[in-house]
Amino acid sequence: RWVIVPSAEVDRLSSADTVREILVSLVVSTAERVDETAVFVRELQRLGEDRMTEFRAERRRYHETFLAVIEKGQADGEFSSVVPADTVVRIALGVVNQLPMWYRPDGAKPPVELAGEIADHEPQVIRDLARWELERLTLLLKQLGADGEAIYEGEDTEWLLGLTAVAQRSIDAV
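Model, not experiment: these values are computed from the prediction.

Caption draft 1: Structural detail: the overall build of the protein chain. When its secondary structure is counted, the protein chain shows eight helices and zero strands. Its helices and strands in sequence order give the protein chain the pattern α-α-α-α-α-α-α-α, from N to C terminus. Taken over 174 residues, the protein chain has a buried fraction of 33%. Put simply, of all contacts in the protein chain between residues at least 6 apart along the chain, 65% involve residues at least 24 apart. Surface accessibility of the protein chain: about 11300 Å² in total, with carbon and sulfur atoms responsible for 54%.

Caption draft 2: Local environment of the confidence of the model for the protein chain. A residue-level look at the protein chain finds 70% of positions with pLDDT of 70 or above and a mean pLDDT of 75. Averaged pLDDT values over the elements of the protein chain bottom out at 59 in helix H1 (residues 7-12) and peak at 88 in helix H4 (residues 49-75).

Caption draft 3: Structural context of helix H2 (residues 15-32). In this model, H2 (18 residues) spans 26 Å end to end at C-alpha, consistent with the 26 Å of a helix rising 1.5 Å per residue. Those residues of H2 lying buried are Ser15, Thr18, Val19, Ile22, Leu23, Val24, Leu26, Val27, Val28, Ser29, Thr30 and Ala31.

Caption draft 4: Focus on a nonpolar patch on the surface. Residues Leu137, Leu141 and Leu144 make up a contiguous nonpolar surface patch of roughly 260 Å² in combined accessible area. Examined against the element boundaries, Leu141 turns out to sit in helix H7 (residues 111-147). Given the relative accessible area of 49%, Leu141 is considered partly exposed.

About the cut-offs
Residues numbered from 1 in each chain as written. Predicted model: local features only at pLDDT ≥ 70, side-chain atom pairs only at ≥ 80, totals over all residues. Heavy atoms only, no water. Helix = DSSP H or I, 4+ residues; strand = E, 2+ residues; numbered from the N terminus. Buried < 20%, exposed > 50% of the residue type's maximum accessible area, 1.4 Å probe, protein only. Contact = heavy atoms within 4.5 Å. Areas by Shrake-Rupley, 256 points an atom, 1.4 Å probe, with all protein chains shown as cover. pLDDT = per-residue confidence, 0-100. Expected span 1.5 Å × (residues − 1). Patch = residues over 30% accessible without salt bridge, like charges linked within 9 Å, V, L, I, M, F, W, Y side chains within 5 Å. Salt bridge = Lys/Arg side-chain N within 4 Å of Asp/Glu carboxyl O.

Structure, rendered in structure tokens:
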């Protein structure tokens, strides 16, 4: 089950602190159950119709709650609004969704330490990655406008190259 910061805490925390609490909670709960999560994701399509409807509703509620926190932070000027709030949420949740692919419970970092690193590093790296992607797209569009055509030499993994270009510390992956 996903854990959302209780609304009483959301009201007293800044948007940045709320995002951090959400990410830490989500990373820790996912990492502590990484094997179960991997099986669940792999077998998700086998859920019955009622359970799938319930799962989707819960996932949508989680997404919308997280989205509201990002939108509030953008409206208050705490976060940049260069990248749409929905994109920020998808990137943040995407990082967590990939944990079962690379996180190992017997690895060097316990879930709480990993969660802190992701929560503290992710907002800046997301902003930097979004800026990098926007600059790359701007150049492509300028070329399209000037020449009437643009050549895109890249794959869906181009974002990963961007991530490595903007990372200021390290990226741990297995």
